[in-house]
Amino acid sequence: IVKLNFWGIGEIEISDKNLNSTSGPVHFVRSAINLGHSGGIISQVGNDTLGQLTLNQLSSESIDTSGILIDPLLPSLVAPDHLPFSKSLQEKLSSADAIYFSIRGRKNPTAARSIGFFVTLAPPKTLRILEFHLSPENDQRELIVDSIRRADVIILNESERIRTCELLNIPNDQ
């Protein structure tokens, strides 16, 4: 069996009431690990209790957390939205077989730029998977077009497909 390396980039949503993440990057990596592969997260948490709980929970699931920065000022609830680009984080993707990112994770301009760089600079062999997760805060034509251009695989639901067709002036035929 070939062991593959999967990375999720962007938002981590773990509440202090429920340590099960609802974020796409974590679901993606967790699923890969459950199938016997390896994987990690590139994101950012705050230097707070929630940030530490998040790191502990992910580590307990064998998710590589070495790509998660700790911001000394921002709380964990908003820290992923301000994920900076860095060469040291980019190097973590050098052996990635697949990476996952979402439009939702790119809602803030800082995170949008950084995630865009991470995805673009990943090795050519790396499969780039985009999940839409459209919401009013990221329902922007330019962001959608930019994200689609960076992806090899796109995951979206029916309402997101319809909205994307409207935004891009594409006929909405079934």
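Residues numbered from 1 in each chain as written. Predicted model: local features only at pLDDT ≥ 70, side-chain atom pairs only at ≥ 80, totals over all residues. Heavy atoms only, no water.

Trainee: Could you give an account of the nonpolar core, with specific residues and numbers?
Mentor: The biggest cluster of nonpolar side chains holds 22 residues, and the ones touching the most others in it are Ile9, Ile42, Leu83, Leu93, Ile99, Ile115 and Phe118. For this core, the secondary structure elements donating two or more residues are strand E1 (5–9), strand E4 (98–102), helix H4 (109–121) and helix H5 (141–150). The leading source of residues in this core is H4, at five residues. What Phe118 contacts, discounting residues up to four positions off in sequence, is Ile9, Ile42, Leu83, Pro84, Phe85, Ser86, Leu89, Gln90 and Leu93. (Core = buried A, V, L, I, M, F, W, Y, C linked by side-chain atoms within 4.5 Å. Buried < 20%, exposed > 50% of the residue type's maximum accessible area, 1.4 Å probe, protein only. Helix = DSSP H or I, 4+ residues; strand = E, 2+ residues; numbered from the N terminus. Contact = heavy atoms within 4.5 Å.)

Trainee: Help me get a handle on the sheet that holds strand E6 (residues 153–155), residues and values and all.
Mentor: One open sheet accounts for six strands, arranged E3-E2-E1-E4-E5-E6; its pairing is parallel. Each of the sheet's edge strands pairs with one partner strand only, and the pair in question is strand E3 (64–71) and E6. In this sheet, adjacent strand axes meet at a mean angle of 20 degrees when their direction is disregarded. Relative to strand E5 (residues 127–131), E4 is paired through five bridges, and the arrangement is parallel. By the bridge assignment, Ala98 is partnered in E5 with Leu127. (Pairing = 2+ DSSP bridges. Axes fitted to C-alpha atoms, helices over the stretch in contact; angles between N-to-C directions.)

Treat this as a map of the structure, not an account of what it does.
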